[in-house]
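# Per-entry structural report
Here are the chains, one letter per residue:
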Amino acid sequence: MTVERTPLADFRTPAARGRLYGLDVLRVVASVVVVYTHLAAWFHAGNYRWRVGSAVTEAVVDPLHLNANLGFVGVSTFLLLSGLVVTSVAFRESPGEFFVRRIVRIVPALWGALAVAFVLVKIDAVPTMATQDTATAGQLLSNLWLGNYGLPDQNPLLPVTWTLTVQIAFYAFTALSIPLLRRRPWLPAAIAATGISLTVSAVHLFDTPFPLLVRTIVSFLPVVFLGQVISLARERRIRPATAVALGIVHFLLFVRADLTTSAVFDGDGYQRTLLITVLVVLLGMAAGGRLARSGLVQALSRRTYAVYLVHMPACYAVLTLLTPRIGVTWSTLAALAATVAATEVLHRFVEEPANRLFRRWLRRRPPGIGKDKVVASVPRHADNVVTYGLSSPASDIRPHTRS
Amino acid sequence: MAGERGELRPALASATTLARATGSCLIVYSYLWGLWPDRHATRFPPVDLVREWVNRPLGIGEDFGMLGVMLLLLASGFSAVSGTAAPREVLGRLVRIYLPLLVVAPVAAGLFRLGADILINPPDGHPGSLAAVRELSLVSQAVPGSVPLVTLGWVIGLELLAGLTGAAIIRLPAAALAVPATQLLAVAGVLLLGGPPPQLALALTLFPMAVLGQLLGCRSRQWLPGWAVAAFGIVVWVLLAGSDRTHPQLHNWWYPLAACYATLFFLLTLRVAGPLSAHPVTSWLASRSRWLLVLVGVVGWTTLGLARHALPFAPAAAVATLVTLLAAEVGHRGATLLTERLPAPRSSVDSSGIPSTDGSLDESNSAHDPSRNQPSALRTDR
């Protein structure tokens, strides 16, 4: 660890820092934590004794009073990083371009993972993840556009995808507010805070899925906006005092969401987790040592979205099949191996080709049709970047100067 | 950071200013605005609101008081490995740490004899005739059943210890691994095997925070590699979590969580202290922090009790806070005059890491009140 003090100005000046290698490390760590969370949850649901889980609970979860199985640690990191990174990109893309890029980055891998999940659910290989009756054409159709979260009688084939609803809401809001963001960078976060507060006040009844979806989105949006605020402060687009004020408001909105409903939050450690995550991200942003710059970390970082999508079906299918036969330890290793393989397949054969196709399509378009000069100057992998806060070269974002 | 091995840049050292100032504020708030009304059956809605919206969700008990103490201990440990190991300088540093207690303990004894309402734990306890002696000899916490006169005084003992061991590290940087290791081993031995009395258990549980500060200070002077600091950090964590588990009286206060926040915040202040550290108010609070922390339970507490007879709580607490600040200023200036002849630290950074332009009586300490009976943000019924 480097304890060297970095003056605030240097810390926040992108030109002084360039790529944020620390974010790559944070992404990798977050994806490991997410995998751990779901492994621990599976063993817990099956009443298996998992030594790793017990050790983590004893050493980390209990002393810090976090949610069981480190729940929300990984997700809060991803959401925060997403807000941080996407905001930076929003300053050099047109609204349409911005939104399309994010969606193109999300959707192909999502559909690939849903196809795998559908098959596994259909053959009842992952009963802990989704019941067999979820694997119908109608359910698949609604899952493909995340409609399962807002429509009655629909269930998720891939439960982790709920966070994408928060992401997409944030992208839509950011796309719409790009003109405002460029002129008054603090204003979108302030408007969002007002909107979130009003929505939390207005949406109380959860007798149908849609209000619950809305409530879920507005409950977790403050986390993404915290990332936005960090990004704006880092790039010196807003004053530190403004950033602190906006940060406090969004944090309190997150607290309020928890205080006023129990339907969305499963556990009482969300706020503690978020504060720790914010502090760790602020510290981690400045990391740039050998490990952070290593090719391995960057390669892993590029695969975090794929890991996020496939780890649950891959792990659960293997665990369901093998744990009763070969025991916890070996089945865990097999599940992790399956996750690695599935991740690589999804990344290599779905994510990357889709991104390549999209870039090619962008280049072929005649000038002036949504391909402005700003976009054209975006580095090649910038569209890999910023979607879920999961994918990699998010930190690749180039320095901006105040316009 | 260090331009040359072993040198500590003033900029880095002054980064502890923010942590120290924050810690002082948190403790003054905790005792005067949080604990006092609870002890005197008074409600102050804004404090309740903070508990509901901040303390409880974040799991920070005692109205941030112990979080403030941890920040001070981290800053003390960090500062303890700055400066030089010249005997006169070390002596001067230790005197500066001890002086606030030396002054305030007799004042507390006098006030108590006069029947003033000073902060006593437990509230119905009686300090006894030898309390001032115990206080000044720093054994209050170690004597089972003793009632300290300066409830916040035990941190002085920890700071002195950190100052002494810090001097040993400065004297022999090659021992930057051995000294912290020995301290942690000793703490672990007493804490986990010795069955110390509750008050001592608390002090020992928090002492590793000062050791962690030393380790970070050593790292900043390039006396330790990053992996060693990380490894020791894990040991500190194990001690905190282990103590939390083995001492039921500590378990309900969630100290490991507060320690986690304090450490992350401290690391952040080292990185991005920025202009906040240079702000006059921050510097002022930091340089008087030890006085503030010792005085808050004596002068502040008494003043609040008196003012409350004539004023509603909020103005009374504001008056008490101002009087505490004023008393800290008086103490600081008086001590500066007294210690002018003491050797000044070699660099422009004093023993606490605060640029010593104002006399450098900086650090503060406070203490804990394990039996605080407040419906704090963190109750056992969580």
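Scroll up to find the structure.
How each quantity is defined
Residues numbered from 1 in each chain as written. Chains lettered and ligands numbered in written order. Predicted model: local features only at pLDDT ≥ 70, side-chain atom pairs only at ≥ 80, totals over all residues. Helix = DSSP H or I, 4+ residues; strand = E, 2+ residues; numbered from the N terminus. Buried ≥ 20, exposed ≤ 12 C-beta atoms within 10 Å, placed from the backbone. Contact = placed C-beta atoms within 7 Å. Expected span 1.5 Å × (residues − 1). Arc of directions from axis to C-beta. Core = buried A, V, L, I, M, F, W, Y, C linked by C-beta atoms within 7 Å.

### Here we look at the overall build of chain A
Secondary structure assignment for chain A yields 18 helices and zero strands. Relative to its full complement of 403 residues, chain A shows a buried share of 50%. Within chain A, residue pairs in contact and separated by at least 24 positions form 78% of the contacts whose partners lie at least 6 positions apart.

### So, helix α8 (residues 178-194) of chain B
Residue and element names in this part refer to chain B. The first and last C-alpha atoms of α8 sit 22 Å apart over 17 residues, in line with the 24 Å expected at 1.5 Å per residue. If you check which residues of α8 are buried, you get V179, P180, Q183, L184, V187 and L191. Buried residues in α8, looked at end-on, bunch into an arc of 130°, giving them a common side. Counted as exposed and oriented over 90 degrees from the buried face of α8: A178, L185, A186, G189, L193 and G194.

### Considerations on the nonpolar core
In terms of nonpolar packing, the biggest core is built from 225 residues, with L309 of chain A together with M70, L74, A258 and A262 of chain B touching the most fellow members. It is helix α9 (residues 198-220) of chain B that provides the largest number of residues to this core, a total of 14 residues. The residues contacting A262 of chain B, other than those within four sequence positions of it, are L67, M70, L71, L74 and M209 of chain B.

### Concerning unusual backbone geometry
All names here are of chain B. The omega torsion across N121 and P122 is -5°, close enough to zero to call that bond cis. Assignment of secondary structure puts P122 in the loop between α5 (87-113) and α6 (131-136). Although it is not a glycine, L138 adopts a positive phi angle of roughly 65°. For L138, the position within the fold is in the loop between α6 and α7 (154-171).

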